[in-house]
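# Breakdown of the fold
Chain by chain, the residues run as shown.
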Amino acid sequence: MNAVAWQPLWYAWLDVARYLVWWFVGGLVTLGGCWYMGQLVYTEWVREHPPPRLRFLAERRLRRDFGRGLANLERYLGEPEHHS
């Protein structure tokens, strides 16, 4: 076989490989940039807005503590020695 005849095919395959590697590396860079920006935006959003579950638990805890405080106050004011 003539090696010179196969040389253009080899160069064509090399061009295809370079093209694919170029797009693959470019895709990785783009993916990394988008992930990084998304992570920054998400972190900032979480800092400003706590997840609903945590907010619900905090509100429930506050209501429970407030209810206990009111019950203790009613018990304290209901004791006979505190009446005038």
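Now for a description of the structure that goes with this document. Because the structure is a prediction, the values reported are computed rather than measured. (Residues numbered from 1 in each chain as written. Predicted model: local features only at pLDDT ≥ 70, side-chain atom pairs only at ≥ 80, totals over all residues. Heavy atoms only, no water.)

### Here's the deal with the overall build of the protein chain
Across its full length, the protein chain holds two helices and zero strands. The C-alpha atoms of the protein chain give a radius of gyration of 35 Å, which is well past the 12 Å a tight globule of 84 residues would have. Along the first, second and third principal axes, the C-alpha atoms of the protein chain reach 115 × 20 × 10 Å. Within the span of the protein chain, comprising 84 residues, buried residues form 0% of the whole. Split by element, the accessible area of the protein chain, about 8,200 Å² in all, is 69% carbon and sulfur. When the 10 positive and 8 negative side-chain charges of the protein chain are each reduced to one mean point, those points stand 7 Å apart. (Helix = DSSP H or I, 4+ residues; strand = E, 2+ residues; numbered from the N terminus. Rg over C-alpha atoms; globule rule 2.2 N^0.38 Å. Buried < 20%, exposed > 50% of the residue type's maximum accessible area, 1.4 Å probe, protein only. Areas by Shrake-Rupley, 256 points an atom, 1.4 Å probe, with all protein chains shown as cover. Lys, Arg positive; Asp, Glu negative; His and termini not counted. Charge placed at Lys NZ, Arg CZ, Asp CG, Glu CD.)

### Some remarks on the pattern of salt bridges
Inspection of the entire model under this criterion finds four salt bridges. The salt bridge involving R64 is made with D65; its shortest N-O contact spans 3.8 Å. We note a salt bridge from R68 to D65, for which the minimum N-O separation is 3.9 Å. Residue R68 and its partner D65 are both found in helix α2 (residues 52-78); the two are separated by three residues, about one turn of the helix. (Salt bridge = Lys/Arg side-chain N within 4 Å of Asp/Glu carboxyl O.)

### Regarding the environment of E48
With respect to the helices and strands, the residue E48 is situated in helix α1 (residues 3-48). Residue classification places E48 among the exposed residues on the basis of a relative accessible area of 53%. Between the alpha carbons of E48 and L9 there is a distance of 58 Å; along the sequence they are 39 residues apart.

### Some details on the packing of aromatic side chains
Under the criterion given, the structure shown has two aromatic pairs. A ring pair is formed by Y19 and W23, whose centres lie 6.2 Å apart and whose planes are at 65 degrees; its orientation type is edge-to-face. Of this pair, Y19 and W23 both sit in helix α1, four residues apart, which is roughly one turn of that helix. Taken as a pair, Y19 and W23 share a single burial class, namely exposed. (Phe/Tyr/Trp six-rings, centres within 6.5 Å; stacked < 30°, edge-to-face > 60°.)

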